[in-house]
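# Report on the structure
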Amino acid sequence: MASLGSTKGSAEKLSLPLMIVAFLSVAGFLYWLSISAQSSEVALQEETAAEEALSTMDFSAFLVSPAQYVGQKLRLTRARVSSPLGPHAFWAGPDDRPFLVKMGPELLATAPQVLPEQILDLEGTVLVLSDSMIAAWAAEGAFPSQGDRIVAEFALGSPILEASSLRVSRPTGGVGGPGEGGGKD
């Protein structure tokens, strides 16, 4: 019988070059991944930073001293709508000390429906109401009657919130629900 020889020697000759090619292939693949991959971590950090920059607080805590937040953008939670003020604004908070909330243009574009006794979460900028702001609102059609404008003028010189977004936290109650007077006496 003829001997074909040992195959062990030929395998040993190719093992070192194949190992080097394998390492270079993996290194090249990792390099390609590092230059072609887009970092999603940076976008996540930017979104988190933007959310953290927006202070969040309960509306009743905000009402203790709203003047200290003038010029700041805030997220206010659990604001109760006292009464509407034309199609662009409403009063929020307790009936004996309501706070004026004016819906901004971006919010008005969504045609929100705000009803008395709704509980809202609001985002917006705290401003001080001036005569020029009331004149601009009147030009936008914010006051369907002269009486609405006069009521808004009661807040002149006071802080107001120009809301850029709102979310209904709790809708108005149905028959016998909150705001309907159906509770037990």
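Throughout, residues of each chain are indexed from 1 in the direction in which the sequence is written. Side-chain atom pairs in this predicted model are given and counted only at pLDDT of 80 or more, local residue features only at pLDDT of at least 70, and totals for whole chains, interfaces and linings cover all residues. Neither water nor hydrogens contribute to the side-chain values; these are computed over all heavy atoms in the structure.

## Some details on the environment of Pro-87
So the rule is basically this: Helix and strand assignments come from DSSP, with helices taken as H or I runs of at least 4 residues and strands as E runs of at least 2, each series counted from the N terminus. Under the scheme applied here, a residue whose accessible area is under 20% of the maximum for its type counts as buried, over 50% as exposed, and between as partly exposed, the area being computed with a 1.4 Å probe on protein chains only. Contact criterion: two residues are considered in contact whenever any of their non-hydrogen atoms come within 4.5 Å of each other.
Turning to its location among the elements, Pro-87 is positioned in the loop between strand E2 (73-85) and strand E3 (89-92). When its relative accessible area of 44% is taken as the criterion, Pro-87 is described as partly exposed. Sequence spacing of Pro-87 and Met-103 is 16 residues, and the spatial spacing of their C-alpha atoms is 9.0 Å. Setting aside its immediate chain neighbours within four residues, Pro-87 contacts Met-103, Leu-108, Gly-141, Ala-142 and Pro-144.

## Things to note about the packing of aromatic side chains
This is how the line gets drawn: Under the pairing criterion, centres of Phe, Tyr and Trp rings, with the six-membered ring standing for Trp, must be within 6.5 Å; the plane angle then separates stacked pairs below 30 degrees from edge-to-face pairs above 60, leaving the rest tilted.
Going through the model one piece at a time under the given rule, you end up with six aromatic pairs. Aromatic rings pair up to connect Phe-59, Phe-62, Tyr-69 and Phe-99 into one cluster.

## What about the pattern of salt bridges?
Our working rule: Throughout this description, the term salt bridge denotes a Lys or Arg side-chain nitrogen within 4 Å of a carboxyl oxygen of Asp or Glu.
Under the counting rule described, the total for this entry stands at seven salt bridges. A salt bridge links Glu-117 to Arg-80, with the shortest nitrogen-to-oxygen separation between them at 2.9 Å. With Glu-117 in the loop between helix H4 (105-108) and strand E5 (119-128) and Arg-80 in strand E2, this pair connects stretches of sequence that are 37 residues apart. A relative accessible area of 26% places Glu-117 in the partly exposed class. One network of salt bridges, with partners in common, ties together Arg-80, Asp-95 and Glu-117.

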